[in-house]
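Residue strings, one per chain:
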Amino acid sequence: AIVFWFTDENSDSQVEFGTTTAYSGVVSSSALVRSHGLFLPNLAPETTYHFRVRSRDAAGNAELSGDDTFTTPAAGP
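First things first, this report covers the structure right here in the doc. Bear in mind the structure is a predicted one, so any value in this text is a computation, not a measurement.

Concerning the packing of aromatic side chains
Alright, step 1. Using the criterion set out here, one finds two aromatic pairs in the structure.
Alright, step 2. Ring geometry for Tyr49 versus Phe70: centroids 5.7 Å apart, planes at 20°, classification stacked. In this pair, Tyr49 is assigned in strand S3 (residues 48–56) and Phe70 in strand S5 (residues 68–71), connecting sequence segments 21 residues apart. Note on accessibility: Tyr49 and Phe70 belong to one class, buried.
Alright, step 3. Both rings, one in Phe51 and one in Phe70, keep their centres 5.8 Å apart while their planes meet at 55°; by these two values the pair is tilted. Highlighted residues: Phe51 in strand S3 and Phe70 in strand S5, separated in sequence by 19 residues.
Alright, step 4. Site record: aromatic cluster; members linked through ring pairs are Tyr49, Phe51 and Phe70.

Next comes the structure, spelled out in structure tokens:
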């Protein structure tokens, strides 16, 4: 899965994700951009995941999204 989002100014990127809101996984990029997209590795098939995104601008102002979910498809043949 890839999580995409946009910010109104250049900011870094972070996604916290997991099967509960304990968010056991984190992926991030320190690149300051407005269009964000991070790949979530090692996801199990047919599993519901929770995630939220966080971005921080060059001045240190941070924003954190609310929780959202997605479900991965079944494994291929």
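Further notes follow.
Focus: a nonpolar patch on the surface
Alright, step 1. The grouping of Ile2, Phe4 and Phe39 at the surface amounts to a nonpolar patch, some 370 Å² of accessible area in total.
Alright, step 2. Structurally, the position occupied by Phe39 is in strand S2 (residues 25–39).
Alright, step 3. Judged by relative accessible area, Phe39 falls into the exposed class, the value being 53%.

Describing the environment of Asp67
Alright, step 1. As for its position among the elements, Asp67 is in the loop between strand S4 (62–64) and S5.
Alright, step 2. What makes Asp67 partly exposed here is its relative accessible area of 38%.
Alright, step 3. For Asp67, the residues in contact, after removing those within four places along its chain, are Thr21, Tyr23, His50 and Phe51.
Alright, step 4. A distance of 2.6 Å separates polar atoms of two side chains, one belonging to Asp67 and the other to Tyr23.
Alright, step 5. Side-chain polar atoms of Asp67 contact the side chain of His50, separated by 2.9 Å.

A word on the nonpolar core
Alright, step 1. If you look at the biggest cluster of nonpolar residues, it comprises eleven residues: Val3, Trp5, Val15, Phe17, Val27, Leu38, Leu40, Tyr49, Phe51, Val53 and Phe70.
Alright, step 2. Looking at this core, the elements that each hand over two or more residues are strand S1 (2–18), S2 and S3.
Alright, step 3. Tallying contributions element by element places S1 first for this core, with four residues.
Alright, step 4. Those residues in contact with Trp5, other than ones at most four positions away along the chain, are Ser13, Gln14, Val15, Arg34, Ser35, His36, Leu38, Val53, Arg54 and Ser55.

Rules used in this analysis
- Residues numbered from 1 in each chain as written.
- Predicted model: local features only at pLDDT ≥ 70, side-chain atom pairs only at ≥ 80, totals over all residues.
- Heavy atoms only, no water.
- Phe/Tyr/Trp six-rings, centres within 6.5 Å; stacked < 30°, edge-to-face > 60°.
- Helix = DSSP H or I, 4+ residues; strand = E, 2+ residues; numbered from the N terminus.
- Buried < 20%, exposed > 50% of the residue type's maximum accessible area, 1.4 Å probe, protein only.
- Patch = residues over 30% accessible without salt bridge, like charges linked within 9 Å, V, L, I, M, F, W, Y side chains within 5 Å.
- Areas by Shrake-Rupley, 256 points an atom, 1.4 Å probe, with all protein chains shown as cover.
- Salt bridge = Lys/Arg side-chain N within 4 Å of Asp/Glu carboxyl O.
- Contact = heavy atoms within 4.5 Å.
- Polar contact = N/O pair within 3.5 Å; in protein donor to acceptor, adjacent residues only side chain to side chain.
- Core = buried A, V, L, I, M, F, W, Y, C linked by side-chain atoms within 4.5 Å.

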